[in-house]
Amino acid sequence: MEIQIILALAALGCCTGFLAGLLGIGGGMVLTPFLTLLLGYAGIPIEHIVHVAIATSMGTILFTSLSSVRAHAKRGAVLWNVVFSMAPGILVGAVVGAQVSGALPTFWVALIFAVFVYTSAAKMFLNAKPTPSRHLPGPAGMFGAGTAIGVISALVGAGGGFISVPFMTWCNVKMHNAVGTSAAFGFPIAFAGTIGYIISGWHLTGLPGWPYTIGYIHLPALVCVAATSIFFAPFGAKVAHSIDTKPLKRIFASVLFLLATYMLYKAISAF
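Here goes a summary of the coordinates provided. (Residues numbered from 1 in each chain as written. Predicted model: local features only at pLDDT ≥ 70, side-chain atom pairs only at ≥ 80, totals over all residues. Heavy atoms only, no water.)

1. A word on helix H2 (residues 28-38)
Filter applied, for reference: A simple rule labels every residue: compare its accessible area, found with a 1.4 Å probe on the protein chains alone, to the largest value its type can have, and call it buried under 20%, exposed over 50%, or partly exposed in between. We count a stretch as a helix when DSSP gives it H or I for four or more residues in a row; a strand needs E for two or more, and each element gets its number in order from the N terminus.
Most of H2 sits out of view: 9 of its 11 residues are buried. Among all positions of H2, only Gly-28, Met-29, Val-30, Leu-31, Thr-32, Pro-33, Leu-35, Thr-36 and Leu-38 are buried.

2. A closer look at unusual backbone geometry
For the bond from Trp-210 to Pro-211, the omega torsion is 5°, close enough to zero to count as cis. Mapping Pro-211 onto the fold places it in the loop between helix H8 (175-200) and strand E1 (213-214). With a phi close to 70°, Asn-172 is a non-glycine residue in the positive phi region. You can see Asn-172 is positioned in the loop between helix H7 (161-170) and H8. For Asn-172, a relative accessible area of 41% gives the class partly exposed.

3. Quick word on the nonpolar core
Inclusion rule: As used in this record, nonpolar core signifies buried Ala, Val, Leu, Ile, Met, Phe, Trp, Tyr and Cys residues forming a set joined through side-chain atoms within 4.5 Å.
Counting 47 residues, the largest nonpolar core has Leu-9, Leu-35, Leu-39 and Leu-256 as the members making the most contacts within it. Residue assignment for this core shows that the elements contributing at least two residues are helix H1 (3-23), H2, helix H3 (49-74), helix H5 (106-126), helix H6 (139-156), H8, helix H9 (219-240) and helix H10 (246-270). Considering each element in turn, this core owes the most residues, 9 residues, to H5. Core analysis: the second largest hydrophobic core is formed by 25 residues, Val-82, Met-86, Ile-149 and Phe-167 among them.

4. Considering the side chain of Thr-60
Cut-off, in case you're wondering: In what follows, a contact means two residues having at least one pair of non-hydrogen atoms within 4.5 Å.
Tracing the sequence through the fold places Thr-60 in helix H3. On the accessibility criterion, Thr-60 (4% relative accessible area) is buried. Those residues in contact with Thr-60 that lie beyond four places of it in its chain are Leu-31, Leu-222, Val-225 and Ala-226.

5. A few points about the packing of H2 against H3
The angle between the axes and the distance between the axes are what describe a pair of packed helices. Going by this rule: Here an angle of 0 to 180 degrees is reported between the N-to-C directions of two axes, which are lines fitted to C-alpha atoms, with helices fitted over the stretch in contact. These descriptions rest on fixed angle ranges, namely under 35 degrees for roughly parallel, over 145 for roughly antiparallel, 65 to 115 for roughly perpendicular, and the rest for oblique. We call a crossing left-handed when the near helix sits turned anticlockwise from the far one by less than a right angle, and right-handed when that turn is clockwise. Each residue receives one of three labels: charged for Asp, Glu, Lys and Arg, nonpolar for Ala, Val, Leu, Ile, Met, Phe, Trp, Tyr, Cys and Pro, and polar for the others, Gly being one of them.
Between H2 and H3, the shortest axis-to-axis distance is 8 Å and the interhelical angle comes to 140°. If you check the angle between H2 and H3, you find them oblique. Considering only the axes of H2 and H3, their crossing is right-handed. Across the interface between the two elements, Gly-28, Leu-31, Thr-32, Leu-35 and Thr-36 of H2 pack against Ile-49, Val-50, Ala-53, Ile-54, Thr-56, Ser-57 and Thr-60 of H3. Taken together, the residues that form the contact of H2 with H3 break down as 6 nonpolar, 6 polar and no charged.

What follows is the structure in structure tokens.
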């Protein structure tokens, strides 16, 4: 890759890492639209670029989730019994979601991503929170919920926080525990999703191949983004403790609306 693209990817990692720490969101919703733009200059064919962007975004969560869950675990916010009960479903769902994404044409993948981001942005802008009305389900229900979270997260290249946090707060889990536990979901989602995207893109023709891509994962982009986002996420978290982030969330939600519109444009262009 050209040095300009490498620097742009590194800067993207700085921004997404900082935002993840500042606002408690995963980087997938920001990473994917920008990766679809940058990877076009890195030789990725237009018919595969959305899949590669989502898959690479999923791969970065492997690294960023570890630093995030470590910070939450130090504060005792992770409910490990919930993590272990939902992890099997998450692993299955993320692998399935990656296979479904790999089988879908670009139009549907980009459209699903756009709808998900529109919905997430609206919830963030309105600060919508579900009313606690029940308790966590039994083993079968936890497996089913984990599977749903894994499938959707893999389809859109996100860590699952916008699904798992509302689900847990709806089930009377305290907010700080819901956020901390959701952070712990990031690694199994990313691990299974990354493996799934490697498998679904393994025999695909038209991609550069090793050492640039493995399956749908673009390795240089993954390294550039992950390396910088890991360092900037703690900085964002530190800033979050010193300012009121509610106004920032509304501004960020407005940015997400624009990014979702861009992905909707990509979907229509691929139709």
